[in-house]
Amino acid sequence: MTDVTGASADVLHTLFHSDQGGHEQVVLCQDRASGLKAVIAIHSTALGPALGGTRFYPYATEAEAVADALNLARGMSYKNAMAGLDHGGGKAVIIGDPERDKTEELLLAYGRMVASLGGRYVTACDVGTYVADMDVVARECRWTTGRSPENGGAGDSSVLTAFGVYQGMRASAQHLWGDPSLRGRRVGVAGVGKVGHHLVKHLRDEGAEVVVTDVRADTVQRILAQYPEGVTAVADTEELIRVAGLDIYAPCALGGALNDDSVPVLTAKVVCGAANNQLAHPGVEKDLADRGILYAPDYVVNAGGVIQVADELHGFDFDRCRAKAAGIFDTTLAIFARAKEDGIPPAAAADRIAEQRMAEARASRAAQ
C-alpha cells in the first residue's frame, strides 16, 4: 500500500473512522498461563479467508502492536489481491521478545486462538517466527501454513520471495531500458539475510554487479566469501543509497526505507526490493516519480512467499508455485502500464488494481 499507519493511542478511531481502518475483525488474545498477548487483525475476506503471517516483536506499547497489526493486515489484502490469490488479508502480532518470551506453551496457546476463528484467518511465518514455530502452532490449528516438509508444509518461503523480487527487477528493466536483462547492471541490496542472499544469487547468475550491506557483519562476510567476484560491500544503507552508478536499489530489510532523507540522495533509477512497507508515509511515491525513479510496489514484487504458503493449503507443488511467482514479471509490467495510462505513480496504480479486484469480489458475493 502507499501509506504506513503510525502507532496511534486512539486505536478505535483508527479502526472505525480512519483511511487505515475498514477492517472486518480485530481479536485481542491473552493466555495468562503462557504469557501470550496477541492481536489478530482481519482486514478483508472478500476474496477468501484472510492470509498473513505472525509477527513476534517487543512492541513498546499495546497500541503500537494494534496499529502494526491493522496496517500489516490491510497490506496483506492488497498483496494477496495482486498475487491473484483467493485470499483476503490478515495479520497477527505477538507482543514480546521472541528470544526471551517464545515458548512451546505460548505458541500452542496462540494456535488455539487462531483455531477459534474457524478458518477466517490462516497464519504463517513473519518477523520473529519460523518454520519450526509454525509446526508447533499447527498442532492446535489446522489453518497454519509455512510448516516444515516433514510436517506436511513447504518449508522456507524466502526462496520464492527472492525469485519474485528478481522478476520485478526484470520487469522494471524492461519498462525503463527496453530489455529485461540485468547483466552488467549495478544493484544495491540492503539486507542479505533470509531473502537477500537468495536475491544476490539470482543477480550474480545473470551477471549483475552487486553491492551489499547488512547490519550483521558476519552475514556480509558470508556473502563476500560465497561470491569472491562481482560482489562488494559498503558500511551501511546510508552509503549504499549514494553509490555512484547504481541502477537498482533493493531494500530487503526494514520498512520505511524510502523517506524524506533517503529519496533525495538515492542514485538508483529503480527501487525494487523485498522489504514490506518501504514508503515511509503518503507522498513518498510522488517524490520518487518526480525524481524519475521507477518504484516497483513492494507488496507486488515480494509476493512469492505468500504464493508459496497459499499453495501449501492445497498440497504444495514447488514447480506450480514457481510458475505463479514468475507471473510477477507480467503483473509488474501491467502496473507500470496502468500508472502511465492514469498519470499516477506505480504504487497508486497497484492500489487501484487491487481495490478493483476486491470490489468485484464483494459485488459478486452480494449478487449471489
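The structure contained in this document is the topic of the report that follows.

The rules we used
Residues numbered from 1 in each chain as written. Predicted model: local features only at pLDDT ≥ 70, side-chain atom pairs only at ≥ 80, totals over all residues. Heavy atoms only, no water. Buried < 20%, exposed > 50% of the residue type's maximum accessible area, 1.4 Å probe, protein only. Helix = DSSP H or I, 4+ residues; strand = E, 2+ residues; numbered from the N terminus. Pairing = 2+ DSSP bridges. Right-handed = clockwise from strand over helix to strand, strands pointing away. Phe/Tyr/Trp six-rings, centres within 6.5 Å; stacked < 30°, edge-to-face > 60°. Lys NZ or Arg CZ within 6 Å of the ring centre and 35° of its normal. Contact = heavy atoms within 4.5 Å.

## Thoughts on the pairing of strand S6 (residues 186–190)
The buried count for S6 comes to four of five residues, which makes it a mostly enclosed element. Bridging between S6 and strand S7 (residues 209–213) involves five bridges; their strand directions are parallel. Bridged to Arg186 within S7 is Glu209. Read as a crossover between parallel neighbours, the route from S6 over helix H7 (residues 196–206) to S7 is right-handed. Pairing geometry for S6 and strand S9 (residues 248–251), over four bridges, is parallel. Its bridge partner being in S9, Val189 is matched across the sheet by Ala250.

## Remarks on the packing of aromatic side chains
Under the definition given, this model contains three aromatic pairs. Plain terms: the ring middles of Tyr57 and Tyr59 are 5.0 Å apart, the flat faces sit at 65 degrees to each other, and that makes the pair edge-to-face. Look at Tyr57 and you get partly exposed, because its relative accessible area is 39%. With a centroid separation of 6.0 Å and 75 degrees between ring planes, the pair formed by Tyr78 and Tyr299 is classed as edge-to-face. Here Tyr78, found in helix H2 (residues 62–82), pairs with Tyr299, found in helix H11 (residues 298–301); they are 221 residues apart in sequence, far enough to count as distant. Positioned above the aromatic ring of Trp177, the side-chain terminus of Arg185 is 3.8 Å from the ring centre. Cation over ring: Arg322 sits above Phe163, and NZ or CZ is 4.0 Å from the ring centre.

## Observations concerning the environment of Leu182
Mapping Leu182 onto the fold places it in the loop between helix H6 (158–177) and S6. Residues Leu182 and Asn276, spaced 94 residues apart in sequence, show a C-alpha to C-alpha distance of 23 Å. Excluding residues that lie within four positions of it along the chain, Leu182 makes contacts with Tyr166, Met169, Arg170, Ala173, Leu203, Glu206, Gly207, Ala208 and Ile248.

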